[in-house]
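# Chains, contacts and geometry: an overview
Chain by chain, the residues:
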Amino acid sequence: MKTLEESVVTAMDGSESELFPFLPYILQDLWEIGASPKVIIELIRKHTNNYSNLKILDLGCGKGAVLIKLAKEFNCTCSGIDAIKEFISDANKKAKEFGVDHLCRFEVIKGGNE
């Protein structure tokens, strides 16, 4: 079974788990990592119209871009979990910046670089 660090690096198309501690530095200038918030917003609009009752969970949320933009767009409750504490710190700062910190909750999963 892969370690959490190996899983995170693999999810980011890496192959060496030794990269894990360096990911915050390598990705420091990127906010949107992974899925496109625009695409996710379009999918939600296509499949529901009861936006404020949505409760969204994002495992491996990165810096929270998708959840923060969903909360802003739909006024819905969002929770994000990631293994990289620096990403969670950035997500909390961005949620406050976008005025959705009351809708978004971010936390570090145990086993990350705590």
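One structure accompanies this document, and this report is about it. Just so it is clear, the structure is predicted and the values come from calculations on it, not from any experiment.

## What to know about the packing of helix H3 (residues 37-47) against helix H4 (residues 65-74)
Contact geometry of H3 with H4 gives a least axis separation of 9 Å together with a crossing angle of 45°. As summarised for this structure, H3 and H4 are arranged oblique, according to the angle between their axes. Considering only the axes of H3 and H4, their crossing is right-handed. Contacts between H3 and H4 involve Pro37, Ile40, Ile41, Ile44 and Arg45 on the former and, on the latter, Ala65, Val66, Lys69, Leu70, Glu73 and Phe74. By residue class, the composition of the contact of H3 with H4 is eight nonpolar, no polar and three charged.

## Focus on the pairing of strand E1 (residues 55-59)
Only one face of E1 is covered, namely the one carrying Ile56 and Asp58; the face carrying Lys55, Leu57 and Leu59 has none of its residues buried. Both E1 and strand E2 (residues 77-82) contribute to a ladder of five bridges, which runs parallel. For Lys55, the partnering residue across the bridge sits in E2 and is Thr77.

## Structural notes on the layout of surface pockets
Considered as a void within the structure, the largest pocket measures approximately 310 Å³ in volume. Secondary structure elements with two or more residues in the lining of the largest pocket: helix H1 (4-11) and E2. A total of four residues in the lining of the largest pocket trace back to one element, the largest contributor, which is H1. Of the residues in the lining of the largest pocket, the class split is 10 nonpolar, four polar and one charged.

## Some words on the environment of Pro37
Topologically, Pro37 is positioned in helix H3. Overall, the relative accessible area of 3% leaves Pro37 in the buried class. It is 14 Å that separates the C-alpha atoms of Pro37 and Ala91, two residues lying 54 residues apart in sequence. Those residues in contact with Pro37 that lie beyond four places of it in its chain are Glu32, Ala65, Val66 and Lys69.

Conventions and cut-offs
- Residues numbered from 1 in each chain as written.
- Predicted model: local features only at pLDDT ≥ 70, side-chain atom pairs only at ≥ 80, totals over all residues.
- Heavy atoms only, no water.
- Axes fitted to C-alpha atoms, helices over the stretch in contact; angles between N-to-C directions.
- Helix = DSSP H or I, 4+ residues; strand = E, 2+ residues; numbered from the N terminus.
- Parallel < 35°, antiparallel > 145°, perpendicular 65-115°, else oblique.
- Left-handed = near helix turned anticlockwise from the far one by under 90°.
- Contact = heavy atoms within 4.5 Å.
- Nonpolar A, V, L, I, M, F, W, Y, C, P; charged D, E, K, R; others polar.
- Buried < 20%, exposed > 50% of the residue type's maximum accessible area, 1.4 Å probe, protein only.
- Pairing = 2+ DSSP bridges.
- 1 Å grid on protein atoms, 1.4 Å probe; cavity = no way out; pocket = protein on both sides within 12 Å on 5 of 7 lines; lining within 4 Å.
- Points joined across faces, edges and corners; volume = space filled by probe spheres on them.

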